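Fold and contact review
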Amino acid sequence: MTNDNIFSGLKVVDLASFIAGPNAAVILSDFGADVIKVEPPTGDLWRLASKLPPQPRSKENFAWHLANRNKRGLSLDLKSPHAAEVLEKLVKWADVLIVNTPQPARKRLKLLYEDVAKWNPRLIYADITGYGDNGPDADQPGFDITAYWARSGLLSLTRDAGAPPTLPVPGSGDHATAVGLYSAIVTALYRREITGKGSAVTTSLLAEGIWACGVSVQAALCGAKFYPLHDRKSPPNATMNVYQTSDAVWVMIVMTPDRWPAFAAGLGRPELVADPRFIDSPQRAANAAQLTAILDEVFSSQPMTHWHETLNQAHVTYGVVREPNQVVDDPQLRANEIIVPLEGAGDRLNLTISSPMQVHGVAKVAARRAPEIGEHNDEVLTELGFGEQDILVLQSSGALGAEKTVPA
């Protein structure tokens, strides 16, 4: 492993709040970028996430550290008249500026691309919205639950027949969107290498949700006929279904048609191969409810340890359904550096989740805790060219905030 830090020297200003934008900055920081987290003097509201249901309860601010590790912290009230000079110097310093302020507020704050690009023509302006830059809902705020999940069609499909839509995993759409924004930033950086010009790049929670739901939305675009919502006991395909073992473990199997004889033999039911009801894929689909009932009985007769061996020998793809407190003990996570050490966040918060891509032969930056509100104010402002007296003026004006009102 080398420590060449691919983005060493890349300067990023993270003006975004909550999850998606800040996590795009985290990915850049994992590969060496210098990221300044700019938040209001009262703090980014995501600092409170760990205290709000249905987030898991903890004394550790796990959500904040996950979205803002490796960053330096600057507090700045963008509504203050004295903030304009700081913002200008930040933009001139930066290679990348990440924003997710709703469009109406962005216009009032003069934070649009055309407002800031005049200060730095090489700037990559990375923008996240709820519903896109255009259209009747362009100015509407959105969270991943509303824009990514509900509006895209995903929430209508991720449920069983007869069940209402349910609350999706918090932040799941935001984390996917963060990867999308990171990809846009890197694409723009490559373009800048070729042309020397900066650019504005964007994605939205809606666009990312539609992309995630792409197979179904593409089907709708061509008028495809949809199956009813999934019914585990009467699915369209019994060999793409979940089954419970004798020790109450759920396992998802995904079997391709060519594995059917080996699968049936491994189950101890080789006669199913010649059964007219299951003789080929169309018949197995037509009689999926009957096959599901048989497989329910078979899987419930043995513990998961037995099915691990059986399914592996039959070369059938499967996944054990695990809860988060079981997932963290999966040896694959540490072997592949999906879970890595976290420095300085506390005795109980000493591990974190790495960004989901690796460059072979290149080590990522060691993860360190997220900043407290305004923790690096003096350091950052001095680097931007503000003198000691200038910083005192900014402090006295309230542009940097009088006190920390949100726990760090």
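Heads up: the structure comes first, above all this text.
Figured I'd write up the structure that's included with this text.

Here is what the cut-offs are and how they apply
Residues numbered from 1 in each chain as written. Predicted model: local features only at pLDDT ≥ 70, side-chain atom pairs only at ≥ 80, totals over all residues. Heavy atoms only, no water. Helix = DSSP H or I, 4+ residues; strand = E, 2+ residues; numbered from the N terminus. Buried < 20%, exposed > 50% of the residue type's maximum accessible area, 1.4 Å probe, protein only. Contact = heavy atoms within 4.5 Å. Phe/Tyr/Trp six-rings, centres within 6.5 Å; stacked < 30°, edge-to-face > 60°. Lys NZ or Arg CZ within 6 Å of the ring centre and 35° of its normal. Salt bridge = Lys/Arg side-chain N within 4 Å of Asp/Glu carboxyl O.

Relative to the helices and strands, Ser199 resides in strand β6 (residues 199-204). Ser199 sits in the buried class, given a relative accessible area of 13%. Once you skip the residues sitting within four places of it in the chain, Ser199 turns out to touch Tyr113, Leu123, Ile124, Tyr125, Ala188 and Arg191.

On to the packing of aromatic side chains, then. Applying the stated rule across the entire model yields nine aromatic pairs. Here the aromatic rings of Trp260 and Phe263 are separated by 6.2 Å at their centres, their planes lie at 45°, and the arrangement is tilted. Here the residue Trp260 and the residue Phe263 both occupy positions in helix α11 (residues 260-266), the gap between them amounting to three residues, near one helical turn. You can call Trp260 buried: its relative accessible area is 2%. An aromatic cluster is built from Phe7, Phe31 and Tyr182, whose rings are joined through pairwise contacts. Across from the ring centre of Phe386, 4.3 Å away, lies the NZ or CZ of Lys89, which sits over that ring.

Moving on, we get to the pattern of salt bridges. Evaluation of the coordinates by the stated rule reveals 17 salt bridges. The shortest N-O distance in the salt bridge between Asp30 and Arg69 comes to 2.9 Å. Taken together, the residues span a long stretch of sequence, with Asp30 in helix α1 (residues 20-30) and Arg69 in the loop between α2 (62-68) and β3 (71-75) at a distance of 39 residues. The class for Asp30 is buried, based on a relative accessible area of 2%. Using a relative accessible area of 2% as the deciding quantity, one classes Arg69 as buried. The salt bridge partner of Arg322 is Asp330, with a shortest N-O separation of 3.0 Å. Overall, the relative accessible area of 41% leaves Arg322 in the partly exposed class.

Functional significance is not addressed by these values, which are geometric in nature.
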